[in-house]
Amino acid sequence: MRLVLLYILLHLPSSEPALAQGVGCVLQAATAPTRQILRCRDGLTVEAEAEAVYTLVDRDRDAQPDAVNLQGGAVLVHAPARSVRRGFQVITPQAIAAVRGTQWAVDVGSGRTSVFVVTGRVAVRRVSGNTRGVSLGPGEGVDVEAGTAPLVVRRWPAARAAALLARLGR
């Protein structure tokens, strides 16, 4: 499905503005073909690696996305405080990462969601289960798998953080 949408966005230029503006975003040409960049009103930016499977969610239908539903691959979200007054979420099969005014990356694969914070703070919790959520700061990450074990915040090694961010053009 994502490939069909990507094909439409890339190959039907006359339709691109209408499709992108339906969620208040514009698809920007990336310098590397390995990712795509969506720039939304008020500074919200979602960068996705080419293999990412995701959709933007506009729950209140105000033409401004409230969330990204990420089913596979990685996205980097830059959500300045002014762009997400009510918060912004990345929803995956395992976790929900919510934020106000920050930049963070989320990677989904092999039954696990990994969340890494570049700047700001991000709250992460499981989609289901009664485990407590955690709050991440800059340089911290968490791996979320199915189950009920407590989530463990870790400072990510530079190599791990760099590898994820490199996939997103950083």
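Residues numbered from 1 in each chain as written. Predicted model: local features only at pLDDT ≥ 70, side-chain atom pairs only at ≥ 80, totals over all residues. Heavy atoms only, no water.

1. Details of the overall build of the protein chain
Regarding its fold elements, the protein chain presents 3 helices and 13 strands. Within the protein chain, buried positions represent 44% of all 170 residues. Contacts in the protein chain between residues far apart in sequence, at least 24 positions, make up 40% of those at least 6 positions apart. As displayed, the protein chain has an accessible area near 8700 Å², and 57% of this comes from carbon and sulfur atoms. (Helix = DSSP H or I, 4+ residues; strand = E, 2+ residues; numbered from the N terminus. Buried < 20%, exposed > 50% of the residue type's maximum accessible area, 1.4 Å probe, protein only. Contact = heavy atoms within 4.5 Å. Areas by Shrake-Rupley, 256 points an atom, 1.4 Å probe, with all protein chains shown as cover.)

2. Notes on the nonpolar core
In this structure, Leu 70, Trp 104, Val 115 and Val 124 are the most contacted members of the largest nonpolar core, which totals 31 residues. When residues in this core are grouped by element, the largest group, 5 residues, is from strand β5 (residues 67-79). Judged by nonpolar contacts, the second largest core, of 9 residues, contains Trp 156, Ala 161, Leu 164 and Leu 168. (Core = buried A, V, L, I, M, F, W, Y, C linked by side-chain atoms within 4.5 Å.)

3. Observations regarding the packing of aromatic side chains
Tallied over the full model, the rule gives 2 aromatic pairs. Arranged with centres 6.5 Å apart and planes meeting at 65°, the rings of Phe 88 and Trp 104 form a pair that is edge-to-face. With a gap of 16 residues between them, Phe 88 in strand β6 (residues 88-91) and Trp 104 in strand β8 (residues 102-109) connect regions that are remote in the sequence. Each ring, one from Phe 116 and one from Trp 156, has its centre 4.9 Å from the other, and the planes form 25°; the classification is stacked. Taken together, the residues Phe 116 in strand β9 (residues 112-119) and Trp 156 in the loop between β13 (154-155) and α3 (158-167) connect sequence positions 40 residues apart. The exposure class assigned to Phe 116 is buried, which follows from its relative accessible area of 6%. For the cation-ring pair, Arg 160 lies above Trp 156, with the distance from its terminal atom to the ring centre recorded as 3.8 Å. (Phe/Tyr/Trp six-rings, centres within 6.5 Å; stacked < 30°, edge-to-face > 60°. Lys NZ or Arg CZ within 6 Å of the ring centre and 35° of its normal.)

4. What to know about unusual backbone geometry
The phi dihedral of Arg 61 falls on the positive side, at around 55°, and the residue is not glycine. Checked against the element boundaries, Arg 61 lands in the loop between β4 (53-57) and β5.

5. What about the side chain of Gln 94?
Mapped onto the secondary structure, Gln 94 falls in the loop between β6 and β7 (95-99). A distance of 2.6 Å separates polar atoms of two side chains, one belonging to Gln 94 and the other to Thr 113. Those residues in contact with Gln 94 that sit more than four places away from it in its chain are Val 108, Gly 111, Arg 112, Thr 113, Arg 125, Arg 126, Val 127, Val 144, Glu 145 and Ala 146. (Polar contact = N/O pair within 3.5 Å; in protein donor to acceptor, adjacent residues only side chain to side chain.)

6. Quick look at the pairing of strand β12 (residues 140-145)
Of the strand pairs in this sheet, β9 and β12 are connected by 5 bridges, and their pairing is antiparallel. Residue pairing in the sheet places Val 115 in a bridge with Val 142 of β12. Across 2 bridges, β12 lies against β13 in antiparallel orientation. Paired with Gly 141 across the bridge in β13 is Arg 154. (Pairing = 2+ DSSP bridges.)

7. Quick notes on α3
Along α3, the positions that sit buried rather than exposed are Ala 161, Leu 164 and Leu 165. Seen from one end, α3 has its buried residues packed into an arc of 95°, which puts them on one side. Buried-residue contacts for α3 involve β5, β8 and β9. Once α3 finishes, Gly 169 follows within two positions and takes phi at roughly 80°, a positive value. (Arc of directions from axis to C-beta.)

8. Section: the pattern of salt bridges
Scanning the model with the defined rule gives 6 salt bridges in all. One salt bridge in this structure joins Arg 35 and Glu 47, with 2.4 Å as the shortest N-O distance. Taken as a pair, Arg 35 in strand β2 (residues 35-40) and Glu 47 in strand β3 (residues 45-49) lie far apart in primary sequence, 12 residues in all. Take Arg 35 and Glu 47: they sit in the same class, and that class is buried. Linking Arg 167 and Glu 49 is a salt bridge whose minimum nitrogen-to-oxygen distance equals 2.6 Å. With Arg 167 in helix α3 and Glu 49 in strand β3, this pair connects stretches of sequence that are 118 residues apart. Take Glu 49: its relative accessible area is 7%, and that puts it in the buried class. Each of Arg 35, Glu 47 and Arg 170 takes part in one network of salt bridges that share partners. (Salt bridge = Lys/Arg side-chain N within 4 Å of Asp/Glu carboxyl O.)

Nothing here speaks to function; it is geometry throughout.
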